[in-house]
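One-letter residues, chain by chain:
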Amino acid sequence: MINTKFKLKNGKELEPIHLHPGIPVDALLDYINSIIREDAYLHMDTEMTAEEERNWLISSMNDIYHDRLIHYVVFDENKIIAGATAKKGNWREAGNVQLGIAIRKECRSLGLGEKLLSFLIEKTKEKWNPRNIYLYCAEENKPALSLYKKIGFEEFAKFPEWFKYQNKYLDVIYLILSE
Ligand SMILES: CC(C)(COP(=O)(O)OP(=O)(O)OC[C@H]1O[C@@H](n2cnc3c(N)ncnc32)[C@H](O)[C@@H]1OP(=O)(O)O)[C@@H](O)C(=O)NCCC(=O)NCCS
(Lines give C-alpha, C1' and ligand atoms only; values in the text may rest on other atoms or scores of the structure.)
Protein backbone atom coordinates (compact mmCIF):
# COMPACT_ATOMS: atom_id res chain seq x y z
CA MET A 1 0.00 0.00 0.00
CA ILE A 2 1.27 3.46 -0.87
CA ASN A 3 -1.45 5.57 0.72
CA THR A 4 -1.02 8.53 -1.60
CA LYS A 5 -3.77 9.98 -3.74
CA PHE A 6 -3.39 12.48 -6.54
CA LYS A 7 -6.26 14.91 -6.82
CA LEU A 8 -6.66 15.81 -10.49
CA LYS A 9 -8.12 18.91 -12.09
CA ASN A 10 -11.25 16.93 -13.05
CA GLY A 11 -11.86 16.13 -9.37
CA LYS A 12 -10.81 12.48 -9.58
CA GLU A 13 -8.57 11.07 -6.91
CA LEU A 14 -6.25 8.35 -8.16
CA GLU A 15 -3.46 6.49 -6.47
CA PRO A 16 -0.13 5.28 -7.80
CA ILE A 17 0.62 1.62 -7.22
CA HIS A 18 3.85 -0.31 -7.53
CA LEU A 19 4.26 -2.50 -10.56
CA HIS A 20 3.55 -6.06 -9.42
CA PRO A 21 3.21 -9.45 -11.08
CA GLY A 22 -0.57 -9.52 -10.58
CA ILE A 23 -1.21 -6.56 -12.89
CA PRO A 24 -2.93 -7.93 -16.00
CA VAL A 25 -0.60 -7.92 -18.99
CA ASP A 26 -3.59 -6.84 -21.13
CA ALA A 27 -3.95 -3.64 -19.10
CA LEU A 28 -0.22 -2.87 -19.40
CA LEU A 29 -0.29 -3.63 -23.10
CA ASP A 30 -3.34 -1.49 -23.77
CA TYR A 31 -1.71 1.47 -21.97
CA ILE A 32 1.69 1.33 -23.65
CA ASN A 33 0.31 0.60 -27.12
CA SER A 34 -2.15 3.50 -26.89
CA ILE A 35 0.82 5.85 -26.46
CA ILE A 36 2.93 4.14 -29.14
CA ARG A 37 0.01 4.28 -31.63
CA GLU A 38 -0.43 7.96 -30.95
CA ASP A 39 3.15 8.49 -32.15
CA ALA A 40 4.08 10.47 -29.04
CA TYR A 41 7.76 11.33 -28.56
CA LEU A 42 8.45 8.02 -26.86
CA HIS A 43 11.61 6.04 -27.33
CA MET A 44 9.48 3.11 -28.50
CA ASP A 45 7.97 3.30 -31.97
CA THR A 46 6.57 -0.20 -32.49
CA GLU A 47 3.60 -1.68 -30.70
CA MET A 48 4.39 -4.39 -28.19
CA THR A 49 3.00 -7.91 -28.44
CA ALA A 50 1.46 -9.62 -25.42
CA GLU A 51 4.53 -11.85 -25.18
CA GLU A 52 6.93 -8.90 -25.25
CA GLU A 53 4.90 -7.14 -22.58
CA ARG A 54 4.85 -10.27 -20.40
CA ASN A 55 8.65 -10.50 -20.75
CA TRP A 56 8.96 -6.80 -19.94
CA LEU A 57 6.93 -7.36 -16.75
CA ILE A 58 9.11 -10.33 -15.72
CA SER A 59 12.31 -8.42 -16.39
CA SER A 60 11.01 -5.33 -14.57
CA MET A 61 10.04 -7.43 -11.54
CA ASN A 62 13.56 -8.85 -11.55
CA ASP A 63 15.03 -5.31 -11.59
CA ILE A 64 12.69 -4.26 -8.77
CA TYR A 65 13.70 -7.33 -6.74
CA HIS A 66 17.38 -6.44 -7.23
CA ASP A 67 16.77 -2.83 -6.19
CA ARG A 68 17.53 -1.36 -9.63
CA LEU A 69 14.06 -0.09 -10.53
CA ILE A 70 11.06 1.75 -9.15
CA HIS A 71 7.99 1.64 -11.36
CA TYR A 72 4.54 3.06 -10.63
CA VAL A 73 1.35 2.75 -12.59
CA VAL A 74 -1.90 4.63 -12.10
CA PHE A 75 -5.23 2.96 -12.76
CA ASP A 76 -8.50 4.73 -13.48
CA GLU A 77 -10.95 1.90 -12.86
CA ASN A 78 -9.66 -0.98 -15.01
CA LYS A 79 -7.54 1.14 -17.28
CA ILE A 80 -3.90 2.07 -16.75
CA ILE A 81 -3.61 5.77 -17.51
CA ALA A 82 -0.03 6.50 -16.43
CA GLY A 83 3.34 4.93 -15.83
CA ALA A 84 6.51 6.31 -14.31
CA THR A 85 9.86 4.69 -13.90
CA ALA A 86 13.17 5.31 -12.12
CA LYS A 87 16.11 3.17 -13.17
CA LYS A 88 19.44 3.08 -11.35
CA GLY A 89 22.67 2.87 -13.35
CA ASN A 90 25.16 0.03 -12.94
CA TRP A 91 28.52 -0.13 -11.19
CA ARG A 92 30.34 3.23 -11.37
CA GLU A 93 27.11 4.80 -12.61
CA ALA A 94 25.01 3.49 -9.73
CA GLY A 95 24.71 7.04 -8.44
CA ASN A 96 22.71 8.07 -11.50
CA VAL A 97 18.99 7.46 -11.76
CA GLN A 98 17.09 7.94 -15.00
CA LEU A 99 13.40 8.79 -14.88
CA GLY A 100 10.65 8.38 -17.45
CA ILE A 101 6.94 9.12 -17.53
CA ALA A 102 3.98 8.81 -19.89
CA ILE A 103 0.32 9.69 -19.40
CA ARG A 104 -2.45 8.35 -21.61
CA LYS A 105 -3.50 11.05 -24.07
CA GLU A 106 -7.04 11.60 -22.81
CA CYS A 107 -5.75 12.04 -19.24
CA ARG A 108 -3.19 14.79 -19.90
CA SER A 109 -3.33 18.40 -18.70
CA LEU A 110 -5.07 17.32 -15.49
CA GLY A 111 -2.01 17.71 -13.30
CA LEU A 112 -1.23 14.00 -13.19
CA GLY A 113 2.18 14.24 -14.92
CA GLU A 114 3.45 16.81 -12.45
CA LYS A 115 2.09 14.98 -9.39
CA LEU A 116 3.35 11.57 -10.48
CA LEU A 117 6.82 12.80 -11.45
CA SER A 118 7.20 14.77 -8.20
CA PHE A 119 6.13 11.69 -6.26
CA LEU A 120 8.61 9.52 -8.16
CA ILE A 121 11.43 11.96 -7.40
CA GLU A 122 10.54 11.95 -3.70
CA LYS A 123 10.54 8.14 -3.61
CA THR A 124 13.78 7.95 -5.63
CA LYS A 125 15.52 10.25 -3.15
CA GLU A 126 14.15 8.31 -0.16
CA LYS A 127 15.27 4.97 -1.58
CA TRP A 128 18.62 5.71 -3.14
CA ASN A 129 19.62 9.29 -2.37
CA PRO A 130 21.40 9.33 -5.75
CA ARG A 131 24.09 11.73 -6.89
CA ASN A 132 22.21 12.55 -10.11
CA ILE A 133 18.58 12.31 -11.15
CA TYR A 134 18.20 12.85 -14.87
CA LEU A 135 15.98 12.28 -17.87
CA TYR A 136 15.92 13.05 -21.52
CA CYS A 137 13.50 13.97 -24.25
CA ALA A 138 13.32 15.11 -27.84
CA GLU A 139 13.72 18.86 -28.06
CA GLU A 140 10.38 19.11 -29.90
CA ASN A 141 8.53 17.50 -26.97
CA LYS A 142 7.45 20.83 -25.49
CA PRO A 143 4.95 19.50 -22.92
CA ALA A 144 7.62 17.21 -21.45
CA LEU A 145 10.36 19.86 -21.50
CA SER A 146 8.05 22.35 -19.86
CA LEU A 147 7.04 19.85 -17.16
CA TYR A 148 10.66 18.92 -16.43
CA LYS A 149 11.78 22.54 -16.13
CA LYS A 150 8.80 23.38 -13.93
CA ILE A 151 9.79 20.59 -11.55
CA GLY A 152 13.41 21.79 -11.36
CA PHE A 153 15.37 20.00 -14.09
CA GLU A 154 18.01 21.89 -16.04
CA GLU A 155 19.44 21.09 -19.45
CA PHE A 156 22.99 19.75 -19.31
CA ALA A 157 23.59 18.11 -22.66
CA LYS A 158 22.28 17.97 -26.16
CA PHE A 159 22.75 14.98 -28.43
CA PRO A 160 22.37 16.27 -31.95
CA GLU A 161 20.14 14.44 -34.43
CA TRP A 162 19.73 11.51 -32.05
CA PHE A 163 16.06 10.60 -32.23
CA LYS A 164 14.41 9.56 -35.46
CA TYR A 165 10.84 10.80 -35.48
CA GLN A 166 8.66 10.76 -38.57
CA ASN A 167 11.70 10.47 -40.83
CA LYS A 168 13.52 13.39 -39.26
CA TYR A 169 16.43 13.27 -36.84
CA LEU A 170 15.66 15.37 -33.77
CA ASP A 171 18.04 16.65 -31.12
CA VAL A 172 17.72 15.05 -27.68
CA ILE A 173 18.02 17.12 -24.53
CA TYR A 174 19.33 15.62 -21.27
CA LEU A 175 18.16 17.31 -18.10
CA ILE A 176 19.36 16.93 -14.53
CA LEU A 177 17.49 17.75 -11.35
CA SER A 178 19.11 20.75 -9.75
CA GLU A 179 19.59 20.80 -5.97
C1 LIG B 1 4.76 15.19 -20.76
C2 LIG B 1 3.55 14.63 -20.03
C3 LIG B 1 4.02 13.53 -19.08
C4 LIG B 1 2.88 15.74 -19.20
O5 LIG B 1 1.84 15.16 -18.41
P6 LIG B 1 0.49 15.95 -18.04
O7 LIG B 1 -0.25 15.12 -17.06
O8 LIG B 1 -0.23 16.35 -19.26
O9 LIG B 1 1.09 17.25 -17.33
P10 LIG B 1 0.38 18.15 -16.23
O11 LIG B 1 -1.06 18.30 -16.54
O12 LIG B 1 0.74 17.65 -14.87
O13 LIG B 1 1.10 19.54 -16.48
C14 LIG B 1 2.24 19.93 -15.71
C15 LIG B 1 3.11 20.88 -16.51
O16 LIG B 1 3.58 20.24 -17.69
C17 LIG B 1 3.66 21.20 -18.75
N18 LIG B 1 2.70 20.86 -19.80
C19 LIG B 1 1.77 19.88 -19.78
N20 LIG B 1 1.10 19.86 -20.96
C21 LIG B 1 1.62 20.83 -21.72
C22 LIG B 1 1.39 21.28 -23.06
N23 LIG B 1 0.45 20.72 -23.82
N24 LIG B 1 2.16 22.28 -23.55
C25 LIG B 1 3.12 22.86 -22.78
N26 LIG B 1 3.38 22.47 -21.50
C27 LIG B 1 2.65 21.47 -21.00
C28 LIG B 1 3.32 22.54 -18.13
O29 LIG B 1 4.50 23.09 -17.60
C30 LIG B 1 2.39 22.11 -17.00
O31 LIG B 1 2.32 23.06 -15.97
P32 LIG B 1 1.12 24.16 -15.96
O33 LIG B 1 -0.14 23.33 -15.90
O34 LIG B 1 1.38 24.96 -14.75
O35 LIG B 1 1.24 24.88 -17.27
C36 LIG B 1 2.48 14.11 -21.04
O37 LIG B 1 2.28 15.10 -22.00
C38 LIG B 1 2.84 12.80 -21.74
O39 LIG B 1 2.71 11.72 -21.15
N40 LIG B 1 3.24 12.87 -23.03
C41 LIG B 1 3.46 11.69 -23.86
C42 LIG B 1 4.60 10.85 -23.40
C43 LIG B 1 5.87 11.65 -23.28
O44 LIG B 1 6.18 12.50 -24.11
N45 LIG B 1 6.61 11.35 -22.20
C46 LIG B 1 7.90 11.97 -21.99
C47 LIG B 1 8.89 11.30 -22.88
S48 LIG B 1 10.45 12.04 -22.66
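Residues numbered from 1 in each chain as written. Predicted model: local features only at pLDDT ≥ 70, side-chain atom pairs only at ≥ 80, totals over all residues.

**Examining the overall build of the protein chain**
For the protein chain, the count of helices and strands is four helices and nine strands. Mapped from its N terminus to its C terminus, the protein chain presents α and β elements in the order β-β-β-α-α-β-β-β-α-β-α-β-β. For 179 residues, the compact-globule estimate of 2.2 N^0.38 gives 16 Å, and the C-alpha radius of gyration of the protein chain, at 16 Å, lies within 12% of that figure. Counting only C-alpha atoms and orienting by the principal axes, one finds that the protein chain spans roughly 40 × 40 × 35 Å. (Helix = DSSP H or I, 4+ residues; strand = E, 2+ residues; numbered from the N terminus. Rg over C-alpha atoms; globule rule 2.2 N^0.38 Å.)

**Notes on the nonpolar core**
In this structure, Val-74, Ala-82, Ala-84, Leu-99, Leu-116, Leu-120 and Leu-135 are the most contacted members of the largest nonpolar core, which totals 35 residues. Not counting residues within four places of it along the chain, the set of residues in contact with Leu-120 comprises Ile-70, Tyr-72, Ala-84, Ala-86 and Leu-99. (Core = buried A, V, L, I, M, F, W, Y, C linked by C-beta atoms within 7 Å. Buried ≥ 20, exposed ≤ 12 C-beta atoms within 10 Å, placed from the backbone. Contact = placed C-beta atoms within 7 Å.)

**Observations concerning the site of the ligand**
If you check the shell around the ligand, you find 22 residues, and the closest are Arg-108, Gly-113, Cys-137, Pro-143 and Leu-147. Looking at the shell around the ligand, the elements that each hand over two or more residues are β6 (96–103), α3 (112–128) and α4 (142–151). Looking at the shell around the ligand element by element, the count peaks at six residues for α4. In terms of residue class, the shell around the ligand is built from 13 nonpolar, five polar and four charged. (Near = placed C-beta within 6 Å. Nonpolar A, V, L, I, M, F, W, Y, C, P; charged D, E, K, R; others polar.)

**A short note on the pairing of strand β7 (residues 132–138)**
With five of its seven residues buried, β7 lies for the most part within the structure. Taken together, the three bridges between β6 and β7 define a ladder with parallel strand orientation. By the bridge assignment, Gln-98 is partnered in β7 with Tyr-134. In the classification by handedness, the crossover that spans β6, the intervening α3 and the parallel β7 is right-handed. (Pairing = 2+ DSSP bridges. Right-handed = clockwise from strand over helix to strand, strands pointing away.)

**Focus: α3**
The end-to-end C-alpha distance of α3, which contains 17 residues, comes to 24 Å, matching closely the 24 Å that a straight helix rising 1.5 Å per residue would cover. Of all the positions in α3, only Leu-112, Gly-113, Leu-116, Leu-117 and Leu-120 are classed as buried. Along α3, the residues classed as buried sweep out an arc of 115° about the axis, all on the same side. Residues Glu-122 and Glu-126 are exposed on α3 and point more than 90 degrees away from its buried face. Structurally, α3 contributes buried residues whose contacts are with β1 (6–7), β3 (16–18), β4 (69–76), β5 (79–88), β6 and α4. Once α3 finishes, Asn-129 follows within two positions and takes phi at roughly 40°, a positive value. (Expected span 1.5 Å × (residues − 1). Arc of directions from axis to C-beta.)

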